[in-house]
4 protein chains.
Amino acid sequence: MKYSCEVEIKVRYSETDQMGVVYHGNYIIWFNIARDELIHQFVVSLTKGEGLGYLFPVVEVHCYYKYPARYGDSVIIKATTELTSIPKIQVNYEVLHKKTKRLLAIGKTVNVITTKDGRLLLKVPDILSGKKNEG
Amino acid sequence: MKYSCEVEIKVRYSETDQMGVVYHGNYIIWFNIARDELIHQFVVSLTKGEGLGYLFPVVEVHCYYKYPARYGDSVIIKATTELTSIPKIQVNYEVLHKKTKRLLAIGKTVNVITTKDGRLLLKVPDILSGKKNEG
Amino acid sequence: MKYSCEVEIKVRYSETDQMGVVYHGNYIIWFNIARDELIHQFVVSLTKGEGLGYLFPVVEVHCYYKYPARYGDSVIIKATTELTSIPKIQVNYEVLHKKTKRLLAIGKTVNVITTKDGRLLLKVPDILSGKKNEG
Amino acid sequence: MKYSCEVEIKVRYSETDQMGVVYHGNYIIWFNIARDELIHQFVVSLTKGEGLGYLFPVVEVHCYYKYPARYGDSVIIKATTELTSIPKIQVNYEVLHKKTKRLLAIGKTVNVITTKDGRLLLKVPDILSGKKNEG
């Protein structure tokens, strides 16, 4: 089953670099914002997960830059995932210029779930997989 | 008694903004680097302090910008403090251009010491004040 | 005459540090977001100003931290300024926890206006002071 | 022909997140630091390139995280590239824990060369390819 969400981000002055565009590393932060929103919707908030003693470390990040974002722009981050029973959360991203709809970047991340002491989980614990969408 | 230290920092590309200079918020991070080095020298490493259950939150930050730093520059951060028995760590900073010695910024921070649950300490605990400089 | 504005910011995971709270340097970035919004409302957008060949470097930053913000929180940044004819833009800030209204921090910044080559302006150029609010 | 270089980075407090480890986005910044050093050695400094009117935008970023870096650690970033005549600079990275030599992450980036107005170059301009290593 596919889940997706969109978040809107207004470029911060602090996110630019001397090339006059958004510094490329910031897209990784934007992916993070959209991913948290996405995971929150159908599983459990990361905050709650961390409170329960689970961590969600990122194990892979990929980004392909097509066209720069600039200060003054608003961008839309679309995040999409397919939930499986395997505790590996793969999320795909599209970054779009809000006004022109131009595709600025695409990306992918992979997260795993571990206990606080770093032990990798091989299946999503019941308490996290949340009956949240069943209600 | 006065303590001081110097750290050298090579400007990172990621630290620039679209004005073509180092983004002003990054000086606060540079102060942090010099302060950690300074505190480490005569008290205890922050890492160890945090392991012992103490935190060192910043309660004040001040910075006066005189002249911009740029990508390609190396800067020197001079940090100075006077240790007192009061658990308020006040540190003063000077940021200098390494090659020209030009003064780029001056600043000040104030840190306090708290327990992990946020309770403010009114004196520096013995275990932290460290007999480190006595040996 | 007094001008003010409020912006809401949802704490980003990337803004936390290992103390489990928002890293103190990020408040300077938050001030920047509120200041841009404020200046945009009654003067001119920074983007446009920079296009016209003017820069607005920060020359002072001050922040007093009262209570930490955490991941999962939304905060309100209130920015207030009094416009004068002198080209020194002083802005005062309050950071409030959105839900509890608790005051998390207060701050102040001072910006000046310069030409692209760094020459300080002694009065606000007409083209910037904008008849924007007169309409 | 293969070129490589190593840079050492001491983890900054500001680079940690509330998981108690280095925030994953910061590895992209570390790659950037090592890449600039590498390119500087055999081609031309980015500063000089930008002065000549060329930009070096990143078009791809990939990172695989193996093991976390923590505050207090020093890490080594090894960057390796094979220079070709095609103006696409592909760099591979290894991030190692300085003391234990444990592999923390591997990565890859691809940069292109463009003119200031964003036009992609199809071969490295002579002025950049530099006879720097011939002398």
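Per chain, residue numbering runs from 1 following the sequence as it is written. In the order they appear in the text, chains get letters beginning with A and ligands get numbers beginning with 1. In keeping with the model being predicted, local features are shown solely for residues with a pLDDT of at least 70 and side-chain atom pairs are shown and tallied solely at 80 or more, while totals for entire chains, interfaces and linings include all residues. Only heavy atoms go into the side-chain values, all of them from the structure, while hydrogens and water stay out.

**Quick notes on the packing of aromatic side chains**
Here is the rule: Stacked, tilted and edge-to-face are the three classes applied to pairs of Phe, Tyr and Trp rings, where Trp contributes its six-membered ring and a pair requires centres within 6.5 Å; stacked means planes under 30 degrees apart, edge-to-face means over 60, and tilted covers the rest. Elements are defined by DSSP. Helices are runs of H or I of four residues or more, strands are runs of E of two residues or more, and each kind is numbered from the N terminus. In this scheme, a residue with accessible area under 20% of its type's maximum is buried, one over 50% is exposed, and one in between is partly exposed, where area comes from a 1.4 Å probe on protein chains only. In our convention, an over-ring charge means Lys NZ or Arg CZ found within 6 Å of a ring centre and within 35 degrees of that ring's normal.
Under the criterion given, the structure shown has 16 aromatic pairs over all chains. Judged by centre distance (5.1 Å) and plane angle (90°), the rings of Tyr27(B) and Tyr65(B) are edge-to-face. On the criterion of sequence distance, the pair formed by Tyr27(B) in helix 1 (residues 26–42) and Tyr65(B) in strand 3 (residues 58–65) is long-range, its members being 38 residues apart. One exposure class covers both Tyr27(B) and Tyr65(B), and it is buried. Every member of this aromatic cluster is reached through a ring pair, and the members are Tyr27(A), Trp30(A) and Tyr65(A). In this structure, Arg102(A) packs its charged tip against the face of Tyr67(A), placed 3.3 Å from the ring centre.

**What about the interface of chain A and chain D?**
As a reminder, the rule being used: Contacts: residue pairs with any heavy atoms within 4.5 Å of one another. Buried area, as used here, totals the accessible surface that two parts lose on assembly, with accessibility defined by a 1.4 Å probe and the loss added over both. Salt bridge, as used here: a side-chain nitrogen of Lys or Arg that lies within 4 Å of a carboxyl oxygen of Asp or Glu. Nonpolar residues are Ala, Val, Leu, Ile, Met, Phe, Trp, Tyr, Cys and Pro. Charged residues are Asp, Glu, Lys and Arg, and all others, Gly as well, are polar. Pairing between strands requires that DSSP locate at least two bridges from one strand to the other.
Of the residues lining the interface, 21 residues belong to chain A; the matching set on chain D comes to 21 residues. Three residues, Met19(A), His24(A) and Tyr65(A), lead the burial of chain A against chain D; their summed loss comes to 26% of the area buried on that side. Counting the contacts that link chain A with chain D gives zero salt bridges. Mapped onto the side of chain A that touches chain D, the elements with two or more residues apiece are helix 1 (26–42) and strand 3 (58–65) of chain A. With eight residues, strand 3 of chain A is the largest single contributor of residues to the side of chain A that touches chain D. Along the lines of polarity and charge, the residues of the side of chain A that touches chain D split into 13 nonpolar, five polar and three charged. As paired strands, strand 3 of chain A and strand 3 (residues 58–65) of chain D are joined by five bridges and run antiparallel to one another. Looking at the pairing, Cys63(A) lines up with Val61(D) of strand 3 of chain D.

**Details of the sheet that holds strand 4 (residues 74–82) of chain B**
The criterion, for reference: Fitted lines through C-alpha atoms give the axes, limited to the stretch in contact for helices. The angle between two N-to-C directions lies from 0 to 180 degrees.
Strand order in this open sheet of 10 strands is 1(B)-4(B)-5(B)-6(B)-3(B)-3(C)-6(C)-5(C)-4(C)-1(C), and the pairing throughout is antiparallel. Of all the strands in the sheet, just strand 1 (2–10) of chain B together with strand 1 (2–10) of chain C have a single pairing partner and so form its edges. The mean angle between the axes of side-by-side strands here comes to 15°, regardless of whether they run parallel or antiparallel. The sheet contact formed by strand 4 of chain B and strand 5 (residues 88–97) of chain B spans seven bridges and is antiparallel. Directly across from Lys78(B), in strand 5 of chain B, lies its bridge partner Glu94(B).

Keep in mind these values describe shape, not function.
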